[in-house]
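# Remarks on the overall topology
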Amino acid sequence: MYSLLPYNTFGIDVSASRFLEYASVAELEEYIAQGAVTTPFLHIGGGSNLLFTKDYDGLILHSRIGGIEVTAEDSQAVSLRVGAGVVWDDFVACCVEHGWYGAENLSLIPGEVGASAVQNIGAYGVEVKDLITAVETVNIQGYERVYSVEECEYAYRNSIFKRPENKSVFVTYVRFRLSKEERYTLDYGTIRQELAKYPAPTLPIVRKVIIEIRESKLPDPKVTGNAGSFFMNPIVAKEKLEALQRDYPRIPYYELPDGRVKIPAGWMIDQCGWKGKSLGPAAVHDKQALVLVNRGGAKGSDIIALSDAVRASVRDKFGIDIHPEVNVI
């Protein structure tokens with residue numbers, strides 16, 4: 001058995017029957033050709049969006065494909081090809097260092113580049129789909145395919161790669177296009193308020209502010225086991241919001257282009273009185289109610305029990321179902 005403790009940020013002490021890492025497309029294809037990739041299998045990234053509920057009776061695959069390569073460049077933009085095993089925040093730091101705009105609001109999101117393209121990670125008004133141009137993959141038969149960004153069918157925390165039939169498609173490289181012209185997304189959360197402390201926004205300053213905001217709200221998984229935001233923010237019809245506003249006139253919301261609205265799940269969980277509350281060794285974080293934490297020694301079942309209790313409270317109070325963003329294994 002192979003311990004998965006270093007491969008899940010929730011800090012759940014589980015093991016896998018087998019574990020394989022590969023550092024290149026050729027190495028992955030060799031494993032496949034040799035018949036080493038047997039079912040059941042699970043391909044993971046940094047484990048920052050996983051909740052293991054028990055030992056995994058199968059093969060865990062992990063990419064160590066590295067590299068950040070400039071493939072095209074002009075005065076307006078730069079095109080990049082990035083290995084799936086690159087740590088996401090290292091990639092963001094590289095972009096900021098080189099003066100490439102677009103990824104800075106996604107600073108400090110845990111995980112790896114390959115998983116970012118599967119999950120369509122997002123924060124502070126930016127989603128990774130806005131930066132991706134294509135995703136390179138290898139499937140379980142060893143067949144290589146490049147998906148255009150349109151073929152990825154990106155939606156809120158979703159993509160074609162999350163469908164059950166595509167679990168045997170492994171992301172190897174992600175292609176990005178970033179701007180070389182100054183542009184920021186600042187009208188979200190408290191970004192502008194925090195930026196007011198500085199003379200003018202620059203890429204390093206915006207990254208610094210994003211990191212400070214995240215660190216003030218989110219626990220460090222190296223200290224307290226967690227997977228960042230546990231729940232997705234629900235998207236509801238305008239009529240549902242208007243009905244809620246009669247009882248909760250100060251309910252926060254974000255309007256979406258399709259006429260629907262996104263309501264912060266963290267706000268609703270807080271209104272239900274869960275912030276800082278525990279259920280056994282699992283707890284709702286005291287600074288950000290969207291985050292569930294392992295206070296020490298929690299099993300996956302403890303986190304699930306807390307999640308179910310929180311969801312029931314929100315459903316009872318607001319008539320809205322909230323769903324986990326985290327993949328439960």
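This one's a predicted model, so the numbers in the text were calculated from it and none came from an experiment. (Residues numbered from 1 in each chain as written. Predicted model: local features only at pLDDT ≥ 70, side-chain atom pairs only at ≥ 80, totals over all residues. Heavy atoms only, no water.)

## Notes on the sheet that holds strand E1 (residues 2-3)
- Strand order in the open sheet formed by four strands is E1-E2-E5-E3, and the pairing between neighbours is mixed. Lying at the two open borders of the sheet, with one neighbouring strand each, are E1 and strand E3 (41-44).
- Taken together, the six bridges between strand E2 (residues 15-22) and strand E5 (residues 56-63) define a ladder with parallel strand orientation. Looking at the pairing, Ala16 lines up with Tyr56 of E5. (Pairing = 2+ DSSP bridges. Helix = DSSP H or I, 4+ residues; strand = E, 2+ residues; numbered from the N terminus.)

## Digging into the sheet that holds strand E11 (residues 144-148)
- Spatially, the five strands line up as an open sheet ordered E6-E7-E12-E10-E11, and their pairing is antiparallel. The open sheet has two edge strands with one neighbour each: strand E6 (68-73) and E11. Averaged over all adjacent pairs, the angle separating strand axes in this sheet is 20°, with direction ignored.
- Across seven bridges, strand E10 (residues 132-139) lies against strand E12 (residues 169-179) in antiparallel orientation. From the neighbouring strand, Ile132 faces E12, where its bridge partner is Phe176.
- Across the sheet, helix H2 (residues 88-98) lies against E6, strand E7 (77-83) and E12, angled at about 20° from E12, the strand it touches most. (Axes fitted to C-alpha atoms, helices over the stretch in contact; angles between N-to-C directions. Contact = heavy atoms within 4.5 Å.)

## What to know about unusual backbone geometry
- With omega at -5°, the peptide bond leading from Thr39 into Pro40 counts as cis.
- For Pro40, the location among the structural elements is in the loop between helix H1 (25-33) and E3.
- Here Glu153, not a glycine, exhibits a phi torsion of approximately 50°, which is positive.
- Within the secondary structure, Glu153 is located in the loop between E11 and E12.
- Overall, Glu153 belongs to the partly exposed group, its relative accessible area being 41%. (Buried < 20%, exposed > 50% of the residue type's maximum accessible area, 1.4 Å probe, protein only.)

## Focus on the side chain of Ser159
- Here Ser159 lies in the loop between E11 and E12.
- Every residue in contact with Ser159, bar those within four places of it in the chain, is listed here: Ala117, Val118, Cys152, Glu153 and Tyr154.

## Section: the packing of aromatic side chains
- Counted according to the given criterion, the structure contains 14 aromatic pairs.
- Ring-pair connections join several aromatic residues into one group, and the members of that group are Tyr2, Tyr7 and Phe19.
- Here the guanidinium or amino end of Arg81 rests over the ring plane of Tyr173, the centre of that ring lying 3.7 Å away.
- The lysine or arginine in question, Arg145, covers the ring of Tyr147, its NZ or CZ lying 3.9 Å from the ring centre. (Phe/Tyr/Trp six-rings, centres within 6.5 Å; stacked < 30°, edge-to-face > 60°. Lys NZ or Arg CZ within 6 Å of the ring centre and 35° of its normal.)

## Topic: the UniProt feature "active site" (unreviewed entry) in the chain
- Here the UniProt-annotated "active site" (unreviewed entry) positions come out as Arg157, Ser229 and Glu325. Taken along the chain, the residues just named run across 169 residues; in space they keep tight, none of their C-alpha pairs more than 11.4 Å apart.
- Relative to the assigned elements, Arg157 resides in the loop between E11 and E12.
- A relative accessible area of 10% places Arg157 in the buried class.
- Setting aside residues up to four positions removed in sequence, Arg157 forms contacts with Gln119, Asn120, Ile121, Gly122, Ala123, Glu127, Lys162, Met232 and Glu325.
- In this structure the side chain of Arg157 is engaged in a polar contact, spanning 3.0 Å, whose partner is the backbone oxygen of Gly122.
- Here Ser229 lies in strand E13 (residues 225-229). (UniProt positions renumbered as here; feature names shortened; annotations may be inferred. Polar contact = N/O pair within 3.5 Å; in protein donor to acceptor, adjacent residues only side chain to side chain.)

## What about the pairing of E6?
- Pairing between E6 and E7: five bridges, direction antiparallel. In the sheet register, Glu69 faces E7, and the bridge partner there is Arg81.
- If you look at the hairpin formed by E6 and E7, you'll find three residues sitting between the two strands.

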